[in-house]
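Summary of structural features
In case you want the letters, here they are:
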Amino acid sequence: MKLSLIIGGVLSGAALLAALISLVWTPYDVTALHIAHKLQGPSAAHWLGTDHFGRDIASMLMAGARTSLAVALVAVTIGMGLGVPLGLWAAARRGSWLDEGIMRANDLIFAFPSLVIAILITATFGPSATNAIIAIGIFNIPVFARVTRAGALSLWQLDYIRAAQVAGKGRARISGEHILPNIANLLIVQGTIQFSLGILAEAGLSYVGLGAQPPTPSWGRMLAEAQTMVTLAPHVAIMPGLAIVLTVLGLNLLGDGLRDALDPRLRGRLA
Amino acid sequence: MSAGICPLTVRRRRQTLALMRRYLIRRLIVLLASLWVASAVIFTLVEGVPGDPASFMLGVNAAPDTLAALRAQMGLDQPFVWRYLHWLGGLLSGDFGTSFTYKVPVAGLIGARLAVSLPLAGIALCLSVALALPMGLLAAARRARLSDGAVMAGTQLGIAVPNFWFAMLLVVLLAVRWQWFPAGGFPGWSDPLMALRALTLPAIALALPQAAILTRVLRSALIETLGQDYIRTARAKGLSRARALTRHALRNALIPVLTILGLQFSFLLAGAIIIENVFYLPGLGRLIFQAITQRDLIVVESVVMILVFAVIVVNFLTDLAYAAVDPRLRRRT
Amino acid sequence: MTLLALDHLNVQIGKPAILRDVSLTLSRGEILGLVGESGSGKSMTALAIMGLLPDRARISGDIMLGGLNLRHRSEREMCQLRGNAISMIFQEPMSALNPMMTIGDQVAETLMLHRRMLRSEARSIAREKLDRVGLRAPRFPLTLYPHELSGGQRQRVAIAMAIALHPKLLIADEPTTALDVTTQAEVLNLLRDLAREEGMALILITHDLAVVAGMADRVAVMQAGQIVETAPTRTLFQRPVAPYTQALLAASTHQPSLATRPRAKPLLQVDNATRIYRLPRPSALSPHPELRAVDDVSFTIHAGESLGLVGESGCGKSTLTRSILGLDALQGGAIHLNGHPINPAMPSPQRADMQIVFQDPYGSFNPRQKVERLVAEPFHLTGRPADWRDRVAEALREVGLSPDDKNRFIHEFSGGQRQRIAIARALIIRPKLIVLDEAVSALDVQVRAQVLDLLSALQATHNLAYLFISHDLSVVRAVTSRCLVMSAGRIVEEGPTEALFTAPQNAYTQSLIAATPRIPQHWKEPA
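Quantities reported herein were computed from a predicted structural model and do not represent experimental measurements.

1. Re the overall build of chain C
- Each helix and strand in chain C was counted, giving 21 helices and 20 strands.
- For 527 residues, the compact-globule estimate of 2.2 N^0.38 gives 24 Å, and the C-alpha radius of gyration of chain C, at 25 Å, lies within 12% of that figure.
- Summarising its shape, the C-alpha atoms of chain C cover approximately 70 × 60 × 50 Å along the three principal directions.
- Here chain C, with 527 residues, has 56% of them falling under the buried criterion.
- Sequence separation of 24 or more characterises 68% of the internal contacts of chain C that already satisfy a separation of 6 or more.
- As displayed, chain C has an accessible area near 21000 Å², and 51% of this comes from carbon and sulfur atoms.
- Side chains of chain C carry 57 positive and 52 negative charges; the gap between the two charge centres is 3 Å.

Here is the structure:
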């Protein structure tokens with residue numbers, strides 16, 4: 001569906017743009033407190049209103065987008081950077097001890113949800129945004145390893161791999177030359193999914209205080225702070241929530257759209 | 001063909017049974033090994049890092065004799081491996097140590113908290129299956145029609161909504177404005193009806209995103225199954241579309257659904273920890289956050305071990321469920 | 001008496017017309033062969049009769065069954081007819097049965113659905129039906145699951161399901177294409193007996209003219225959604241009227257010119273090759289049982305020679321092929337190519353004397369690389385020469401493609417063109433031996449004839465040796481001068497092809513040749 005690609009692209013693009021702009025400019029200083037202006041509703045001066053310290057919510061959302069996207073992006077990079085090679089390696093040595101070992105290790109990591117990893121790290125090192133990145137990143141490794149291995153295994157059955165073997169190419173070369181390009185679609189789609197899950201996970205971790213710490217702005221912490229005054233000024237809780245929903249929705253739609261757009265069966269029709 | 005059961009069939013059956021037994025034994029060994037490695041990882045992360053756990057727990061202003069007492073209680077004068085084995089032995093015999101803040105056995109603490117967390121997770125799981133099953137069937141049966149589109153759009157939204165934010169909205173609407181349910185707290189199981197009422201909103205908040213994911217998985221599994229040759233065979237036999245869907249497609253589509261259900265359990269557990277904080281429920285989630293703020297490492301490592309244990313055991317049970325559902329006994333490697 | 005009549009049937013899916021003006025009649029108890037190449041509309045005709053066309057299909061014309069126009073039946077009424085008055089079986093026995101349901105329940109389901117029988121009653125009739133199709137009681141209990149049966153046995157279950165309620169019409173869509181020749185012969189015999197004994201009309205859809213020659217009363221030939229000719233079987237084979245039928249007949253009996261040359265030096269020598277697989281242990285303490293997939297095989301291929309290797313699936317020919325290609329190590333014996341031992345660790349330049357062409361024109365190429373890069377891949381063995389682009393262009397020209405094709409992707413080519421590209425890839429480093437692993441099995445008969453001609457022309461110009469591996473005896477007979485027959489890991493017979501086919505010595509070879517469907521010799525002479 002083209003529509004999902006467009007909506008997804010627009011929503012994720014908007015989040016990315018907000019994050020990038022916040023690097024150089026936000027409507028208000030996100031660290032400046034104006035208690036006199038606290039808990040104002042949306043107005044011309046404050047488009048999305050102000051929070052309990054009188055900070056501009058629109059500015060905080062822009063800065064929070066930076067944190068969310070950065071955490072999710074680094075976590076996906078960690079997951080892909082380690083998971084994809086492991087998956088390729090396991091598939092190339094299918095059925096060996098190495099394959100078995102990699103897959104069992106994957107299963108084991110799956111037993112540690114990112115929240116639990118974050119709890120363990122926080123218990124010894126104290127909370128920080130880096131925690132969130134490491135915790136989400138580690139949990140991404142087995143996800144990518146599994147997707148890569150499953151995709152690669154089905155390709156290893158194909159005759160063009162045998163042809164490459166007959167042409168004297170080794171497993172590593174075949175993995176790079178023939179397997180990886182043909183599972184790239186799969187990985188891009190999984191990447192967008194993990195990216196959106198990463199944003200949700202970061203929000204959850206920051207909400208319970210295991211992620212970004214003050215003064216780093218974060219959507220999850222904005223929600224945590226809003227919780228006590230949700231009946232007084234609902235917009236303080238609604239705005240960050242909507243920001244998360246729209247960004248994650250956008251990324252998911254983008255992933256769906258990409259999957260259809262990259263599907264060779266559908267593309268063949270256009271060619 | 002001679003009378004009596006052909007030896008070939010008997011041999012085949014016996015082989016199948018032997019394979020099944022080997023599969024179970026293999027999975028059991030993997031289960032135990034996973035639990036063992038997990039315990040080592042947890043203990044190392046919590047107590048094995050450089051620095052003194054006891055002074056970390058007590059902070060910089062601790063009195064020397066309190067510190068010494070805690071060090072003795074935790075056995076910090078012993079070598080690390082010995083402490084680990086001691087802890088592991090305690091776990092196996094049900095002795096999780098004594099909480100440093102509550103001054104009571106950790107096992108008792110966890111037991112009391114499980115009485116909230118387990119029912120919560122269970123209700124949420126049932127709720128998400130109960131929602132996902134009809135929605136997934138409907139969407140697959142009416143594929144590419146309006147009702148499918150509506151279900152799919154709904155699930156997109158369901159996946160994108162953070163459950164703790166959804167919980168906050170539920171509290172504002174259903175608890176504060178309309179006062180149908182309590183906004184938080186837990187009255188205990190002495191009045192089961194009140195207890196269930198207190199768990200309703202948290203369970204809904206937990207279940208909805210899970211149901212959205214499950215619906216999508218079920219739908220795509222069903223649609224893939226509906227494209228299989230044996231569905232065409234069933235239609236050629238005279239089964240209607242709906243009957244082919246429920247009699248032949250559903251059972252085959254359950255395998256990917258089971259996989260996701262097993263994996264989702266860990267998300268459910270993590271979600272429950274956060275949701276408990278929204279609703280001030282005295283479950284494992286509250287316990288572990290209180291323990292973190294009070295730096296009660298003894299409680300932290302035990303609760304994490306319990307959580308990981310639950311996930312690993314659920315994955316094992318999922319594998320057993322495969323064997324029950326799929327006569328081919330497909331092994332994962 | 002007419003049972004089924006199609007009258008000016010048109011089917012359109014989206015823009016393209018799938019069926020155009022298809023008219024057919026079928027009498028009670030008659031066997032009609034519906035023949036055509038892939039995409040000719042055979043299966044769509046069958047699905048139209050069953051009322052199982054895709055939702056998007058638009059249909060016009062009439063389908064009369066008895067006095068009933070099936071075009072105007074509701075879906076509910078069609079459900080009552082399907083499996084009851086008309087039944088159908090499909091090509092892929094491996095996937096046509098529900099893997100989660102016992103065969104007894106699957107056969108009984110038809111009965112319970114249409115006759116409202118109790119399960120116990122339905123199961124006892126299911127038992128009779130399975131006996132009837134040759135899956136007899138103690139050996140094949142109702143409680144078996146499909147994965148416990150072979151392909152031929154599964155096809156029998158599908159037949160039992162289809163005939164459980166004595167339908168007036170059975171449609172069999174390529175029912176034996178996925179089966180080995182001996183199994184094919186058994187299933188075809190079963191279908192013929194059932195049609196004769198139960199007075200059931202049968203539409204047998206196939207691409208194989210030899211299959212209908214031995215089965216059908218009448219044959220209809222389809223091309224591009226139209227029926228080009230309908231005639232009694234013998235008349236059609238002896239006096240085909242439509243040019244398309246004539247071309248099809250010519251292609252199916254096509255004989256490429258065989259290069260005959262004096263015996264040259266040995267090129268590939270296989271000496272006592274043995275491949276052993278370890279099977280899973282039946283219990284923890286017992287030793288691994290062994291499967292000798294290739295058992296003490298010896299043969300020689302001489303330079304410029306065409307050697308055939310035939311055998312049914314599971315006979316070990318794929319395993320042997322992997323060892324010949326140096327992909328797997330042997331557990332016993334040795335293979336030499338040009339005097340060099342073949343094994344997974346052999347140096348690249350020594351491998352360059354041998355290349356391979358695979359069966360599947362779709363899975364043989366990386367879809368993300370252009371033809372130029374695909375064809376040049378074997379240069380990895382020899383090092384890429386400076387003029388490699390010219391060499392690719394030349395190879396493409398040699399296999400009948402344009403050098404400009406080098407910049408296109410593989411999905412832009414038809415199945416036949418892809419096999420030509422595969423041959424170009426094999427040819428590029430000028431090997432002495434090309435292994436043709438079912439290389440023409442997936443092609444339609446006319447394209448197959450062209451590819452076989454190409455292979456024999458290339459053999460003459462480059463003095464190539466071919467190892468022609470196939471389950472299709474007629475192809476092997478047409479293109480090889482010497483032939484090996486493999487069964488259960490062993491070579492059971494070896495000899496000059498013509499002698500081996502006319503006077504087979506080994507009992508297994510005899511059964512294989514007897515089972516091969518063929519067009520009777522005297523039909524081929526002009527009447």
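What follows continues from the structure just given.
2. Here's the deal with the overall build of chain B
- In terms of helices and strands, chain B carries twelve helices and zero strands.
- Starting at the N terminus and walking to the C terminus, you meet the elements of chain B as α-α-α-α-α-α-α-α-α-α-α-α.
- Its C-alpha atoms give chain B a radius of gyration of 25 Å, clearly above 20 Å, the size a compact globule of 333 residues would have.
- Summarising its shape, the C-alpha atoms of chain B cover approximately 85 × 65 × 35 Å along the three principal directions.
- Here chain B holds 333 residues, and 49% of them are scored as buried.
- Taking all contacts inside chain B whose residues are at least 6 apart in sequence as the whole, residues at least 24 apart take part in 73%.
- As displayed, chain B has an accessible area near 15500 Å², and 68% of this comes from carbon and sulfur atoms.
- Charged side chains of chain B number 32 positive and 14 negative; the gap between the two group centres comes to 20 Å.

3. What to know about the sheet that holds strand 17 (residues 433-437) of chain C
Residue and element names in this part refer to chain C.
- Taken in spatial order, the six strands of this open sheet run 16-17-18-13-19-20, and their pairing is mixed. Sheet topology places strand 16 (354-357) and strand 20 (490-496) at the edges, where each strand pairs with a single neighbour. For this sheet, the mean inter-axis angle between neighbouring strands, taken without regard to orientation, is 20°.
- In the sheet, strand 17 pairs with strand 18 (residues 465-470) via five bridges, with the strands oriented parallel. Residue pairing for strand 18: Asp437 is matched across the bridge by Ile469.
- Across the sheet, helix 11 (residues 317-324) is in contact with strand 13 (306-310), strand 16, strand 17, strand 18 and strand 19 (482-487); its angle to strand 18 comes to roughly 150°.
- On the sheet, helix 16 (residues 415-427) packs against strand 16 and strand 17 and is oriented at approximately 175° with respect to strand 16.

4. Examining the sheet that holds strand 7 (residues 169-173) of chain C
Residues and elements named next belong to chain C.
- Spatial strand order, 6-7-8-3-9-10: six strands in an open sheet with mixed pairing. Edge positions in the sheet fall to strand 6 (86-89) and strand 10 (226-232), since each of these pairs with one other strand and no more. Strand-to-strand twist across the sheet, computed as the mean angle between neighbouring axes with direction ignored, equals 15°.
- In terms of strand pairing, strand 3 (residues 31-35) meets strand 9 (residues 218-223) through four bridges, oriented parallel. Bridging across to strand 9, Val35 finds its partner in Val221.

5. With respect to the packing of helix 5 (residues 106-141) of chain B against helix 11 (residues 284-293) of chain B
Residues and elements named next belong to chain B.
- Contact geometry of helix 5 with helix 11 gives a least axis separation of 8 Å together with a crossing angle of 135°. Between helix 5 and helix 11, the crossing angle belongs to the class labelled oblique. Contacts from Leu109, Ile110, Arg113, Leu114 and Ser117 of helix 5 reach helix 11 at Leu284, Gly285, Arg286, Leu287 and Gln290.
- Within the contact of helix 5 with helix 11, the residues separate by chemical class into five nonpolar, three polar and two charged.

6. Focus: the interface of chain C and chain B
- On the chain B side, the residues contacting the 35 residues of chain C number 33 residues.
- Both sides together, the interface formed by chain C and chain B hides about 3200 Å², and carbon and sulfur atoms give 56% of it.
- In this structure, the connection of chain C to chain B is made through four salt bridges.
- Arg247 of chain B is the partner of Glu109 of chain C in a salt bridge, and the nearest nitrogen-oxygen pair spans 3.1 Å.
- Mapped by element, the contributors of at least two residues to the side of chain C that touches chain B are helix 2 (75-81), strand 6, helix 3 (93-96) and helix 4 (103-115) of chain C.
- In terms of residue count, the dominant contributor to the side of chain C that touches chain B is helix 4 of chain C (five residues).
- Looking at the side of chain C that touches chain B residue by residue, the classes come out as 19 nonpolar, eight polar and eight charged.

7. Considering the interface of chain A and chain B
- The interface is formed by 40 residues belonging to chain A together with 46 residues belonging to chain B.
- For the pair chain A and chain B, the summed buried surface comes to about 3800 Å²; carbon and sulfur atoms form 78% of the total.
- Seen at the junction of chain A and chain B, the total is one salt bridge.
- A salt bridge links Arg216 of chain B to Asp256 of chain A; the nearest nitrogen and oxygen atoms lie 2.9 Å apart.

8. Thoughts on the packing of aromatic side chains
Residue and element names in this part refer to chain B.
- Summed over all chains, the structure comprises nine aromatic pairs over all chains.
- Centroid distance Phe43 to Tyr84: 5.6 Å. Interplanar angle 55°. Geometry classified as tilted. Residue Phe43 is located in helix 1 (residues 7-47), and its partner Tyr84 is located in helix 4 (residues 80-92); the two are separated by 41 residues in the primary sequence. Neither residue differs from the other here; Phe43 and Tyr84 are each classed as buried.

9. Observations regarding unusual backbone geometry
- A cis geometry characterises the amide bond from Pro214 of chain A onward to Pro215 of chain A, with omega recorded as 5°.
- In this structure, Pro215 of chain A sits in the loop between helix 7 (171-207) and helix 8 (219-226).
- Located in the positive-phi region is Tyr280 of chain B, a residue other than glycine, with phi close to 50°.
- Take Tyr280 of chain B: it is sitting in the loop between helix 10 (241-278) and helix 11.
- The phi dihedral of His166 of chain C falls on the positive side, at around 50°, and the residue is not glycine.
- Among the structural elements, His166 of chain C can be located in the loop between helix 6 (151-163) and strand 7.

10. As for the pattern of salt bridges
- Inspection of every chain in the model, using the stated rule, returns 44 salt bridges over all chains.
- The partner of Arg55 of chain A in a salt bridge is Glu225 of chain A, and the shortest N-O contact between them spans 3.4 Å. Note that Arg55 of chain A is positioned in the loop between helix 1 (2-24) and helix 2 (57-92) and Glu225 of chain A in helix 8, a separation of 170 residues in sequence.
- Residue Arg73 of chain C is joined to Glu77 of chain C by a salt bridge in which the shortest nitrogen-to-oxygen separation is 3.6 Å.
- Linked by salt bridges that have partners in common, Glu100, Arg104, Asp107 and Arg146 of chain A make up one network.

11. Section: the pairing of strand 19 of chain C
Residue and element names in this part refer to chain C.
- For strand 19, the tally of buried residues reaches six of six residues, placing the bulk of the element in the interior.
- Here strand 19 shows two buried faces, one formed by Arg482, Leu484 and Met486 and the other by Cys483, Val485 and Ser487.
- Sheet topology note: the strand 19/strand 20 ladder contains six bridges and is antiparallel. Across the sheet, residue Leu484 finds its bridge partner in strand 20, namely Glu494.

12. Details of the nonpolar core
- One finds Phe112, Leu115, Ile179 and Leu210 of chain A together with Ile42, Val304 and Val308 of chain B to be the most contacted residues of the largest nonpolar core, which totals 145 residues.
- Setting aside residues no more than four positions away along its own chain, Val308 of chain B makes contact with Ala111, Phe112 and Val116 of chain A together with Ala38 and Ile42 of chain B.

13. Considering empty space enclosed by the protein
Residue and element names in this part refer to chain C.
- Counting across every chain of the model gives six cavities of 30 Å³ or more.
- The volume enclosed by the second largest cavity comes to roughly 80 Å³.
- Per element, the largest residue contribution to the lining of the second largest cavity is four residues, and it comes from helix 17 (residues 445-462).
- Here the lining of the second largest cavity is composed, by residue class, of six nonpolar, three polar and no charged.

14. Side note on the confidence of the model for chain B
Residue and element names in this part refer to chain B.
- On average, residues of chain B carry a pLDDT of 84, and 92% of them reach 70 or more.
- Across chain B, the element-wise mean pLDDT spans from 74 in helix 2 (residues 53-58) up to 93 in helix 9 (residues 229-236).
- The low-confidence segment residues 1-5, where pLDDT is below 50, has six contacts with residues more than four positions distant or belonging to other chains.

15. Points about the environment of Ala124 of chain B
- Along the chain, the position of Ala124 of chain B falls in helix 5.
- Non-local contacts of Ala124 of chain B, meaning those with residues more than four positions away in its chain, are made with Ala203, Leu206, Ala207 and Leu268 of chain B.

Conventions used here
Residues numbered from 1 in each chain as written. Chains lettered and ligands numbered in written order. Predicted model: local features only at pLDDT ≥ 70, side-chain atom pairs only at ≥ 80, totals over all residues. Heavy atoms only, no water. Helix = DSSP H or I, 4+ residues; strand = E, 2+ residues; numbered from the N terminus. Rg over C-alpha atoms; globule rule 2.2 N^0.38 Å. Buried < 20%, exposed > 50% of the residue type's maximum accessible area, 1.4 Å probe, protein only. Contact = heavy atoms within 4.5 Å. Areas by Shrake-Rupley, 256 points an atom, 1.4 Å probe, with all protein chains shown as cover. Lys, Arg positive; Asp, Glu negative; His and termini not counted. Charge placed at Lys NZ, Arg CZ, Asp CG, Glu CD. Pairing = 2+ DSSP bridges. Axes fitted to C-alpha atoms, helices over the stretch in contact; angles between N-to-C directions. Parallel < 35°, antiparallel > 145°, perpendicular 65-115°, else oblique. Nonpolar A, V, L, I, M, F, W, Y, C, P; charged D, E, K, R; others polar. Buried area = accessible area lost by both parts, 1.4 Å probe. Salt bridge = Lys/Arg side-chain N within 4 Å of Asp/Glu carboxyl O. Phe/Tyr/Trp six-rings, centres within 6.5 Å; stacked < 30°, edge-to-face > 60°. Core = buried A, V, L, I, M, F, W, Y, C linked by side-chain atoms within 4.5 Å. 1 Å grid on protein atoms, 1.4 Å probe; cavity = no way out; pocket = protein on both sides within 12 Å on 5 of 7 lines; lining within 4 Å. Points joined across faces, edges and corners; volume = space filled by probe spheres on them. pLDDT = per-residue confidence, 0-100.

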